[in-house]
Each structure stands twice: as structure tokens, then as C-alpha cells.
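Now for the letters of each chain:
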Amino acid sequence: MQLREVHIEGYRSLKSVHFKIEPLTVLIGKNAAGKTNLYRSLMLLKAAADGSVCRQLAEEGGIESVLWAGPREKLTPRLALAARFDDIDYRIEIGMPGLTEAALDLEPLVRAERLIRHRNGRPEMLLDRQGPTLWQVGDPAGGGTDRNLLASETALASAGDRPAASEIADIKQAMRGWRFYHDIRTDDAAPIRQPSLGLSCATLSEDGSDLAALFATHYYVNDQAAPIKAAIADAFPGAELVVSALDGKCRFALRLRDLDRPFAAHELSEGILRYLFLMGALLGKRPPPFIAINEPENGLNATLLKPLARLIAAAAQRTQVWIVTHSEVLARELAETTGVLPRLVLKEEGATRILEAGAVIAKERAVQAA
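Residues numbered from 1 in each chain as written. Predicted model: local features only at pLDDT ≥ 70, side-chain atom pairs only at ≥ 80, totals over all residues. Heavy atoms only, no water.

Peer 1: Talk me through the environment of K347; I want residue IDs and the actual numbers.
Peer 2: Structurally, K347 is set in strand β17 (residues 343-348). Distance in space between the C-alpha atoms of K347 and L14 is 9.5 Å, their sequence separation being 333 residues. Those residues in contact with K347, other than ones at most four positions away along the chain, are S13, A32, A33 and T352. Here A32 takes part through its backbone oxygen, which lies 2.9 Å from a polar atom of the side chain of K347. (Helix = DSSP H or I, 4+ residues; strand = E, 2+ residues; numbered from the N terminus. Contact = heavy atoms within 4.5 Å. Polar contact = N/O pair within 3.5 Å; in protein donor to acceptor, adjacent residues only side chain to side chain.)

This is the structure in C-alpha cells:
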């Protein structure tokens with residue numbers, strides 16, 4: 001269930017944006033161009049799968065705060081999130097409740113939701129939600145089943161996992177497995193600085209609280225420490241990662257070249273800790289189906305951008321990776337390492353646009369010629 005395309009309408013600066021998802025997608029742009037809105041829109045798609053999308057919109061300030069603020073062609077504005085997988089389309093539309101509808105004041109309300117499979121050039125409905133009524137493939141003939149869905153509940157999260165609707169379960173599982181890494185905490189109380197519970201870990205959590213357990217799993221459970229050791233040698237020549245798993249806790253430390261002792265997680269600099277976090281995110285034993293990282297270059301020494309590009313390139317051989325950056329250096333390193341050219345995010349008349357790599361090159365040549 002690979003993610004192929006995404007379409008967003010009416011979300012903040014995203015009036016109407018459509019973009020393809022490759023094994024490695026790199027977006028670059030200036031501040032306030034809308035890069036973060038693109039990143040958040042993917043987070044909202046994941047939230048639709050686990051049923052928390054309306055809660056997330058409410059936490060962002062409510063439906064009025066997140067809707068496209070420019071000129072509106074529709075009297076009733078809506079936010080639409082759509083994703084195309086291998087042969088399945090998912091779409092959800094969210095808007096404000098009317099005066100007579102069963103919803104709280106300004107509560108984000110799910111207006112419509114569909115999951116459609118394309119087979120032999122013909123669309124087949126797998127899931128259709130209108131109001132509180134949800135129909136899914138496998139339901140008794142004659143229409144939908146009244147699930148009494150609340151305005152803030154999603155059909156995708158509520159649909160049953162029936163044998164006739166295995167694609168619904170596959171889509172839910174894939175989307176719920178997406179990982180988003182941003183705002184990496186490195187303060188003294190950050191989860192990444194604390195020992196992890198002694199539990200095997202195949203995929204790094206979004207807050208990094210199990211980073212030590214992930215390293216310990218590679219070293220002592222899977223006997224697959226080679227990729228971790230190679231990444232350490234690439235980023236910190238002469239250094240050694242020291243990993244322990246004792247008394248129900250996992251810990252790690254880094255022994256740097258020419259220093260007498262290893263430095264534990266609580267002693268490491270913010271930049272080194274951030275890089276170790278990114279290593280864990282990209283080198284998990286079982287990579288998530290989709291990894292999104294927002295501005296991974298933040299807090300890193302410039303010498304780490306080339307090794308980081310190699311880490312990202314290796315991860316993109318195993319799963320889909322989405323990178324949002326404002327670093328031209330990182331974008332260039334990724335292009336040289338993978339051949340993947342960045343797409344440019346820019347804002348015109350308040351609306352975010354994405355220029356494909358070919359258009360970016362043409363634009364740069366035109367500027368140079370002028």
C-alpha cells in the first residue's frame with residue numbers, strides 16, 4: 001500500500017495543491033511559503049485513519065482558523081484531504097456545522113468520506129459515509145448501516161475489518177504506521193536523554209523515548225549493529241556507540257575520538273543528540289511505510305549534512321521518505337547522493353504552490369540568463 005499522490009484543498013495556505021509521492025520526496029522553500037502546512041496536511045491524513053483528525057484541527061485553533069483564508073468560491077467552505085495509494089483513493093471533507101446540525105459550536109464536522117478501489121479501469125466503492133450513516137463493502141444489501149457516527153468521528157477509523165473489505169484494513173494499518181519527526185526535544189527532561197524501557201524496538205517512536213531500546217535491539221536482539229556502527233563512523237570518525245541493556249533499562253553513550261570516557265545521553269550536545277535521533281528514525285529494523293521529517297538540518301553542524309544525506313538515501317531504499325527543508329546545502333547533498341532533485345515550495349497571492357524539479361531548473365536558468 002504505497003502512497004502515490006496527495007491532494008489538499010482549503011487548508012491554511014493550501015487552496016488547492018496536488019503532488020506526487022516518490023520513494024524520496026524533497027521539498028525546499030523559504031520561511032512562510034507553506035512547507036509546514038504541507039507537512040501538517042499529511043499528519044491530518046494519518047489522523048483520519050486513527051479517528052483524531054477533528055481533535056487535531058480543534059487543537060490548531062478550530063475549523064475557522066485552519067480553513068483557506070483567501071477568496072472563497074464556495075459559500076460553504078470545506079477542508080478536503082485526499083490520498084491515492086496503489087489502486088485505492090481515500091477522500092475526507094471537513095467543514096463547519098450548520099445551525100440545525102447535531103454538533104458543538106464551531107466543531108469540525110466530517111461532511112463526506114469515501115474509499116474507492118480502481119479495478120480494470122472501473123471504480124468500486126469500498127466505503128461511503130454521509131452524515132451519521134456509514135456503508136462499507138460487505139454490508140447487507142440495501143444501503144448503509146446507521147453507526148450513529150458523531151460529527152467528529154471518521155468512517156475510516158470506525159469501519160469494521162471484514163473479510164470482504166480487507167483493503168480498508170490495509171489502508172488503515174498503513175496510514176496509522178506513518179511516522180512524523182519534528183521539533184526534536186533535546187532539553188534536560190527530553191525523552192531522548194532518558195533510559196528506555198528494556199523492550200525490543202523495531203521502529204522509533206515520534207518522541208524518541210525508545211531510542212536506547214532501538215539501539216539495544218540492533219546490538220543484542222537482531223545482531224544487526226553493522227548499519228548503526230557504519231553510520232556512527234560516517235558522521236563521527238573514530239567514535240563508538242556504547243549500548244547497554246541491564247536491569248530492565250536500555251542506555252546509550254558515545255565515546256568520541258581522543259576522549260577518555262564515553263558521554264551518556266544526558267551529557268551529549270544537542271547537535272549530536274539530534275543526529276542520533278535521526279539515525280534511529282531512519283535505521284529502524286522495521287521501517288514504517290512512510291517517514292516524514294521536518295527540517296532535519298536544524299541544530300546540526302554543517303559537517304553532518306553529507307552523512308545525513310547518505311542516511312536518508314539508504315532509508316529511501318527501504319520505505320518512502322518525505323523531507324521538508326530550508327537548507328540548500330542538504331537539498332544539494334541529497335541530489336548528489338540520490339539524483340532526486342528538490343521541489344520548490346513558494347507562495348503566490350497567499351496560496352502555496354509546488355514547482356516540480358524541472359520547473360525549478362528552468363526558473364533558475366531564466367534568472368541566470370537575465
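Peer 1: Tell me about the pattern of salt bridges, and name the residues and values.
Peer 2: A full pass over the atoms with the stated rule returns 20 salt bridges. Of the charged contacts, one joins R84 and D89 as a salt bridge, the two residues approaching to 2.5 Å between their closest N and O atoms. Taking relative accessible area as the criterion, R84 reaches 32% and is therefore assigned partly exposed. Each of E9, R78, R91 and E93 takes part in one network of salt bridges that share partners. (Salt bridge = Lys/Arg side-chain N within 4 Å of Asp/Glu carboxyl O. Buried < 20%, exposed > 50% of the residue type's maximum accessible area, 1.4 Å probe, protein only.)

Peer 1: Got a sec to walk through helix α9 (residues 305-315)? Specific residues and values, please.
Peer 2: A large share of α9 lies buried, amounting to 8 of its 11 residues. Turning to α9, its buried residues number three or more, namely L305, P307, L308, A309, L311, I312, A313 and A315. The inward-facing, buried residues of α9 contact β3 (24-29), α7 (226-235), α8 (270-282), β16 (320-325) and α10 (328-338).

Peer 1: Break down the sheet that holds β3 for me, citing the residues and quoting the values.
Peer 2: Taking strand neighbours across the sheet as the criterion, the 6 strands line up as β10-β15-β16-β3-β17-β18 in an open arrangement whose pairing is mixed. The sheet is open, and its two borders are formed by β10 (179-181) and β18 (351-355), each paired with just one other strand. Strand-to-strand, the axes of this sheet are offset by a mean angle of 20°, without reference to chain direction. Across the sheet, α8 is in contact with β10 and β15 (290-294); its angle to β15 comes to roughly 160°. (Pairing = 2+ DSSP bridges. Axes fitted to C-alpha atoms, helices over the stretch in contact; angles between N-to-C directions.)

Peer 1: Explain the pairing of β18 to me, and be specific about the residues and the numbers.
Peer 2: The side chains of a regular strand alternate, residue by residue, between the two faces of the sheet. Across the 5 residues that make up β18, a large majority, 4, are buried. The pairing of β17 with β18 spans 5 bridges and is classified as antiparallel. Along β18, the bridge assignment pairs L344 with L355. Taking the residues between adjacent antiparallel strands as the criterion, β17 and β18 are bridged by 2 residues, where E349 takes a positive phi near 55°.

Peer 1: So what's going on with the packing of α9 against α10? Residues and values would help.
Peer 2: Packed helices, taken two at a time, are described by the angle their axes make and the gap between the axes. The N-to-C vectors of α9 and α10 enclose an angle of 50°; their axes lie 9 Å apart at closest approach. With respect to α10, the axis of α9 lies oblique. Considering how the two elements wind past one another, α9 and α10 form a crossing that is right-handed. Seen from α9, the contacting residues are L305, K306, L308, A309, R310, I312 and A313; seen from α10, they are V329, L330, E333, L334, T337 and T338. (Parallel < 35°, antiparallel > 145°, perpendicular 65-115°, else oblique. Left-handed = near helix turned anticlockwise from the far one by under 90°.)

Peer 1: Describe the packing of α7 against α8, and please don't skip the residues or the numbers.
Peer 2: Look at α7 against α8: their axes get within 11 Å of each other, and the N-to-C directions meet at 145°. The two elements α7 and α8 meet at a crossing, and its hand is right-handed. Along its contact with α7, which presents I228, A231, I232 and A235, the element α8 presents Y275, L276 and M279. Residues of the contact of α7 with α8, tallied by class, amount to 7 nonpolar, no polar and no charged. (Nonpolar A, V, L, I, M, F, W, Y, C, P; charged D, E, K, R; others polar.)

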